[in-house]
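# Inside the fold
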Amino acid sequence: MTTVVVEPAGAGHETLWLLLAAGLILATAALVVGWHGRDYHVAELAPHQLDARRDLTAAEQGLYADLRVAYDELLFYAEAPAVAELADSGLPPFIADASAARRGHHRWQRLTLAGVTDDGPVATAVVYYGETAEPEVAGSLLLAAPAADTEPSDVRVWLNREAGATLPASLMPADLAKSGWHLVVAQFDAGVTRERQ
Amino acid sequence: MNMAVTPVPGTGPAIAFGSVSLSLGGTDILCDICLELSAGRTHALVGPNGGGKSSLVKALLGQMPHQGQIAMTWPGDAGNVGYVPQALEFERGLPMTVEDVLATMVQTRPGFLGLARRHRELVDTALARVGLSGKRRRRMGALSGGERQRVLLAQALMPQADLLVLDEPLAALDEAGIRLFETLLGQWQAEGRTVVWIEHDLAAVRRLADTVTGLNRKLLFHETPEQALAPERLINLFSHSATEVPLAAGEVA
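Residues numbered from 1 in each chain as written. Chains lettered and ligands numbered in written order. Predicted model: local features only at pLDDT ≥ 70, side-chain atom pairs only at ≥ 80, totals over all residues.

## Comments concerning the overall build of chain A
Along the backbone of chain A there are 5 helices and 7 strands. Looking at chain A as a whole, 23% of its 197 residues are labelled buried. Within chain A, contacts between residues separated by at least 24 positions form 59% of all contacts whose residues are at least 6 apart in sequence. (Helix = DSSP H or I, 4+ residues; strand = E, 2+ residues; numbered from the N terminus. Buried ≥ 20, exposed ≤ 12 C-beta atoms within 10 Å, placed from the backbone. Contact = placed C-beta atoms within 7 Å.)

## Examining the overall build of chain B
Looking only at helices and strands, chain B features 8 helices and 9 strands. Across chain B, the fraction of contacts at a sequence separation of at least 24, relative to all contacts at a separation of at least 6, is 71%.

## Concerning the packing of helix H2 (residues 98–106) of chain B against helix H3 (residues 120–129) of chain B
Residue and element names in this part refer to chain B. At a minimum axis distance of 11 Å, the contact between H2 and H3 shows a crossing angle of 125°. Here H2 lies oblique to H3, going by the angle between them. Once H2 is placed against H3, the crossing between them reads as right-handed. Where H2 abuts H3, its residues Glu-99, Leu-102 and Val-106 lie against Leu-122, Val-123 and Ala-126. Here the contact of H2 with H3 is composed, by residue class, of 5 nonpolar, no polar and 1 charged. (Axes fitted to C-alpha atoms, helices over the stretch in contact; angles between N-to-C directions. Parallel < 35°, antiparallel > 145°, perpendicular 65-115°, else oblique. Left-handed = near helix turned anticlockwise from the far one by under 90°. Nonpolar A, V, L, I, M, F, W, Y, C, P; charged D, E, K, R; others polar.)

## What about the nonpolar core?
If you look at the biggest cluster of nonpolar residues, it comprises 63 residues, and the most contacted ones within it are Leu-45, Leu-56, Leu-60, Ala-154, Leu-164, Val-196 and Trp-197 of chain B. Of the residues that make up this core, three or more belong to each of domain 1 (1–80 + 163–174 + 191–244) and domain 2 (86–159) of chain B. Here Trp-197 of chain B is in contact with Thr-42, His-43, Ala-44, Leu-45, Leu-166 and Ala-209 of chain B, once residues within four sequence places are set aside. Within the second largest apolar cluster, 27 residues are counted, among which are Ala-59, Ala-125, Val-127 and Ala-138 of chain A. (Core = buried A, V, L, I, M, F, W, Y, C linked by C-beta atoms within 7 Å. Domains from an automatic or database assignment.)

## Some details on the interface of chain A and chain B
Contacts between the two partners involve 10 residues from chain A, matched on the other side by 16 residues from chain B. Residue composition of the side of chain A that touches chain B, grouped by class: 6 nonpolar, 3 polar and 1 charged.

## Observations regarding the sheet that holds strand E6 (residues 163–167) of chain B
All names here are of chain B. Across the sheet, 6 strands lie side by side as E5-E6-E7-E3-E8-E9; this open sheet has mixed pairing. With one partner strand each, in any of the chains shown, strand E5 (81–84) and strand E9 (218–223) form the two edges of the open sheet. Between one strand axis and the next, the sheet turns through 15° on average, direction left out of account. The pairing of strand E8 (residues 211–216) with E9 spans 5 bridges and is antiparallel. Following the sheet pairing, Val-212 is matched in E9 by Glu-223. (Pairing = 2+ DSSP bridges.)

## Describing the packing of H2 of chain B against helix H4 (residues 145–155) of chain B
All names here are of chain B. Close contact between H2 and H4 brings their axes to 10 Å; oriented N to C, the two are set at 30°. On the basis of the axis angle, H2 is roughly parallel to H4. For H2 against H4, the interelement crossing comes out right-handed. Across the interface between the two elements, Val-98, Val-101, Leu-102 and Met-105 from H2 touch Val-151, Ala-154 and Gln-155 from H4. For the contact of H2 with H4, the residue count by class is 6 nonpolar, 1 polar and no charged.

What follows is the structure, encoded as structure tokens:
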């Protein structure tokens, strides 16, 4: 004699197995993430530095991009050319065109300042100085012309948003900071793909 | 409710419903059904439409989320359960023959690959018993309602079931089909198979069933046909305010 009890129809067992499977998947995912996950550090900037991606206005970003391209061109010259020569060859931001007008009417000039190397100050350094007419649109800019053995990645641009920006005495960091110049730095780190609140 | 109907020795199980209730979507379909069905007998379930007859047999088949206990006590090992549904719903243009439908019931390989040779005899026998041997190649959509009902009866015979659950098998049958059903039922009764049979034809119930159970959301009576089908019982059963009829003095309870 066999007694068979009829179980009620229901999805209790299936639900249990499904929850177990979901829990297992989540636990595995948490383990993998915990194992392989890495903290990302966004490099902190020094007080005298500005981030090219986040700290510049739209006009400043355009000018900065143009200066980086111009720097690559300047590498072909044996000596830093005059601004008029650069303007004649149509190299932004040195030409006075509609973009220059929209980006703060900068007046560009070539100057010679006391320079700096890893070993300390050197006699001179040629810079291109763009004095802004509209500081609220874009600040004044300073581009160090390439020295003899510099690489494209050695480009250095400084920004000063003060209305009556004064030139630094030299390219020594202390002099630049004292006269309100900030070095614009472009860095590629995990912050590129993450929003920083 | 329990009634002393002598079990018939055979292969069919006795069935005990212990306080079975069923609610679907907040509606009470069955309330506290306590019922014992003897082994090897033919038990008819009668009652108005929506009274829960089909739900009770579906609970017996394990297809409903019922509460309470349903137990089947088999004389030996648990045997086969055959189910004949009320109707077979399918697209009339479906290119499936009678043989294809029966093939899907007995084999695991897809029906469109044809009937497996080892099941051929089983299908032949079942079709012969319901008188459909000559129509095995007919499309299901081309069959009459009575013939389709015979196909449903045939599938309950493959393999021969020890417990047969029939949901209004006579509804679409013609005269010859009814005679065929009575013959089959006689064979099942002689072999001691348990039959649970939902039926509206009370004359057939009186003639063929061993017990009659009245159901209208709750159990109203469970008696022999002579007692159950008395006029006052039937009026109460099919009225809107059906209540359990107290048994008269001297009736077996």
